[in-house]
Amino acid sequence: MKKILIIGAMGLLGPELNRIFSSDSSYAVTGWDMPDIDIGDEASVMEKVLPLKPDIIINAAAYNAVDKAEEPEGFELAKRINGYGPGYIAKAANKLGALLVQYSTDYVFDGEKREGYDETSTPSPISRYGESKYLGEIEVMKNTDRYYLIRLQKLFGMPSHNPNAKKSFFETMLALAKTQDVIKAVDDELSNFTYAPDLAKRTKYLIEEGMPFGIYHITNEGAPVTWYGAAKILFELAGIKGIKIVPVAQEEFPRPARRPKYSILINTKLEPLRRWPEALKEFLEDYGVKTSSG
Ligand SMILES: NC(=O)c1ccc[n+]([C@@H]2O[C@H](COP(=O)([O-])OP(=O)(O)OC[C@H]3O[C@@H](n4cnc5c(N)ncnc54)[C@H](OP(=O)(O)O)[C@@H]3O)[C@@H](O)[C@H]2O)c1
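In short, a report on the structure.

Rules used throughout
- Residues numbered from 1 in each chain as written.
- Predicted model: local features only at pLDDT ≥ 70, side-chain atom pairs only at ≥ 80, totals over all residues.
- Helix = DSSP H or I, 4+ residues; strand = E, 2+ residues; numbered from the N terminus.
- Rg over C-alpha atoms; globule rule 2.2 N^0.38 Å.
- Contact = placed C-beta atoms within 7 Å.
- Buried ≥ 20, exposed ≤ 12 C-beta atoms within 10 Å, placed from the backbone.
- Near = placed C-beta within 6 Å.
- Nonpolar A, V, L, I, M, F, W, Y, C, P; charged D, E, K, R; others polar.
- Core = buried A, V, L, I, M, F, W, Y, C linked by C-beta atoms within 7 Å.
- Expected span 1.5 Å × (residues − 1).
- Arc of directions from axis to C-beta.
- Pairing = 2+ DSSP bridges.
- Right-handed = clockwise from strand over helix to strand, strands pointing away.
- Axes fitted to C-alpha atoms, helices over the stretch in contact; angles between N-to-C directions.
- Left-handed = near helix turned anticlockwise from the far one by under 90°.

### Here we look at the overall build of the protein chain
Moving on, step 1. The secondary structure content of the protein chain amounts to 8 helices and 10 strands.
Moving on, step 2. For a compact globule of 294 residues, the expected C-alpha radius of gyration is about 19 Å, and the protein chain comes in at 19 Å, within 12% of that figure.
Moving on, step 3. Considered along the principal axes of its C-alpha atoms, the protein chain spans approximately 55 × 40 × 35 Å.
Moving on, step 4. In the protein chain, the share of contacts with a sequence separation of at least 24, taken over all contacts with a separation of at least 6, comes to 81%.

Written out as structure tokens, the structure is:
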């Protein structure tokens, strides 16, 4: 039986990882989040992780407040959790000979390449959050060779039980649809979505198939969309009518952090995942929203 440690177990992705590995009797799963461990504190990481002796460590913990990270205090926290934290975990993994899975983001790219970015593209972040996640990539690669560094984008799935959890875009839109007749959505940021259960399954696949260590891009397939395009597909699938969705430019939605305009993650290493609208339909059904064809 393999010992697996999931850090960030209370987030959006963590519970899906927990579910998939716990349902397989070949794994003994430990799930930690704050305050069980503080990944930004090297001593906490070493004191907790080394005695546990996991064979596999999956780090899904992160600081995901993209706009707050533009402020000096937020940026320090982002570097601590997204940057140095993964480095400490990688050090512990290396000491133990354990395999490490670390997640990163399309926001490490500048979003100027319309055709998208593959696993070999060079990051060039345009936000502090992106910088902190890129620092995490560097720290992982510096401290261990046995890693899967998985970049994903726009994660969605069942809400976590964590009271601090950020809502996914689809949840936010469903909530807005209950109170507003007109919703503005940004129409000049093109990317794809990643369904948490699909990502968790693919993570398990990488580990079990013994895929070569390195960088992977894992998102759902389907035509890339803007937030506006995604909201339209959501409302169609959910059969929500009578709401006007207004496409707006990034500039009309002033936010402290810049977002990449074209951040399509190209996957050249793995079989494609299913299309994101298909995954969205499954999510809606689990979320209790009757879909148009179901
Ligand atoms: N969500 C997205 O759209 C998205 C997009 C691209 C990449 N990613 C990446 O995908 C991975 C999973 O993201 P997610 O959306 O599941 O994240 P999430 O929902 O924000 O969950 C992260 C978890 O980590 C915990 N955490 C924060 N600081 C910690 C620390 N110092 N020590 C231990 N745990 C700590 C958080 O607890 P608190 O909430 O109490 O702080 C939270 O439970 C992350 O690497 C993220 O950067 C996510």
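From this point, the narrative continues.
### Remarks on helix α1 (residues 14–22)
Moving on, step 1. Turning to α1, its buried residues number three or more, namely Gly 14, Pro 15, Glu 16, Leu 17, Asn 18 and Phe 21.
Moving on, step 2. In the core, the buried residues of α1 are packed alongside β1 (2–7), β2 (27–32), β3 (56–59) and α6 (196–208).

### With respect to the site of the ligand
Moving on, step 1. Surrounding the ligand, one finds 29 residues, the nearest of these being Gly 11, Leu 12, Ala 61, Ala 62 and Tyr 103.
Moving on, step 2. Across the shell around the ligand, the residue classes tally to 16 nonpolar, 10 polar and 3 charged.

### A short note on the nonpolar core
Looking at soluble globular proteins, one finds that nonpolar side chains tend to be buried together.
Moving on, step 1. If you look at the biggest cluster of nonpolar residues, it comprises 77 residues, and the most contacted ones within it are Ile 6, Ile 7, Ile 57, Ile 89 and Leu 100.
Moving on, step 2. Ignoring sequence-local partners within four residues, the contact set of Ile 89 consists of Ile 7, Ile 39, Val 45, Ile 57, Asn 59 and Leu 100.

### Examining helix α8 (residues 276–287)
Moving on, step 1. Between its first and last C-alpha atoms α8 spans 16 Å; for 12 residues at 1.5 Å apiece the expected length is 16 Å, and the two agree.
Moving on, step 2. Among all positions of α8, only Trp 276, Ala 279, Leu 280, Phe 283 and Leu 284 are buried. Buried positions in α8, seen along its axis, are confined to an arc of 145° and lie on one side of it.
Moving on, step 3. The elements touched by buried residues of α8 are β6 (155–156), α5 (169–179), β8 (194–195), α6 and α7 (227–237).
Moving on, step 4. One or two steps after α8, the chain reaches Gly 288, where phi turns positive at roughly 95°.

### Description of unusual backbone geometry
Moving on, step 1. The linkage connecting Met 34 with the following residue, Pro 35, adopts the cis geometry, with an omega of 0°.
Moving on, step 2. Within the fold, Pro 35 resides in the loop between β2 and α2 (42–52).
Moving on, step 3. A positive phi angle is found at Lys 53, which is not glycine, with a value near 50°.
Moving on, step 4. With respect to the helices, strands and loops of the structure, Lys 53 is situated in the loop between α2 and β3.
Moving on, step 5. Classification of Lys 53 by C-beta neighbours within 10 Å gives exposed; the count is 11.
Moving on, step 6. Non-glycine residue Lys 154 carries a positive phi angle of around 40°.
Moving on, step 7. Among the secondary structure elements, Lys 154 is positioned in the loop between β5 (147–152) and β6.

### Here's the deal with the environment of Glu 71
Moving on, step 1. Mapping Glu 71 onto the fold places it in the loop between β3 and α3 (72–96).
Moving on, step 2. The class for Glu 71 is partly exposed, based on 14 C-beta atoms found within 10 Å.

### Some words on the pairing of β3
Moving on, step 1. Neither face of β3 is open: one carries Ile 56 and Ile 58, the other Ile 57 and Asn 59, and all of them are buried.
Moving on, step 2. The sheet contact formed by β1 and β3 spans 4 bridges and is parallel. For Ile 4, the partnering residue across the bridge sits in β3 and is Ile 56.
Moving on, step 3. Here 4 bridges tie β3 to strand β4 (residues 99–105), and the two strands are oriented parallel to one another. Bridge assignment links Asn 59 to a residue of β4, and that residue is Gln 102.
Moving on, step 4. Following the backbone out of β3, through α3 and into the adjacent parallel β4, one traces a crossover that is right-handed.

### Focus: the packing of α5 against α7
Moving on, step 1. It is the contact of α5 with α7, at a shortest axis distance of 11 Å, that shows an interaxial angle of 65°. Crossing of α5 over α7 shows right-handed handedness. For the pair α5 and α7, contact is made by Phe 169, Phe 170, Met 173 and Ala 177 and by Trp 227, Ala 230, Ala 231, Leu 234 and Phe 235, respectively.
Moving on, step 2. Split by residue class, the contact of α5 with α7 holds 9 nonpolar, no polar and no charged.

### Considering the sheet that holds β4
Moving on, step 1. Read across the sheet, 6 strands follow the order β2-β1-β3-β4-β5-β9 without closing on themselves; strand pairing throughout is parallel. The strands lining the two open edges of the sheet, one partner per strand, are β2 and β9 (214–217). Here the average twist between neighbouring strands, direction ignored, is 20°.
Moving on, step 2. Those strands touched by helix α4 (residues 128–143) are β4 and β5, and its axis lies near 160° from that of β4.
Moving on, step 3. Contacting β3, β4, β5 and β9, α6 runs over the sheet at an angle of about 155° to β5.

### Examining the environment of Glu 131
Moving on, step 1. Among the structural elements, Glu 131 can be located in helix α4.
Moving on, step 2. Glu 131 sits 24 residues away from Tyr 107 along the chain, and the two C-alpha atoms are 8.4 Å apart.

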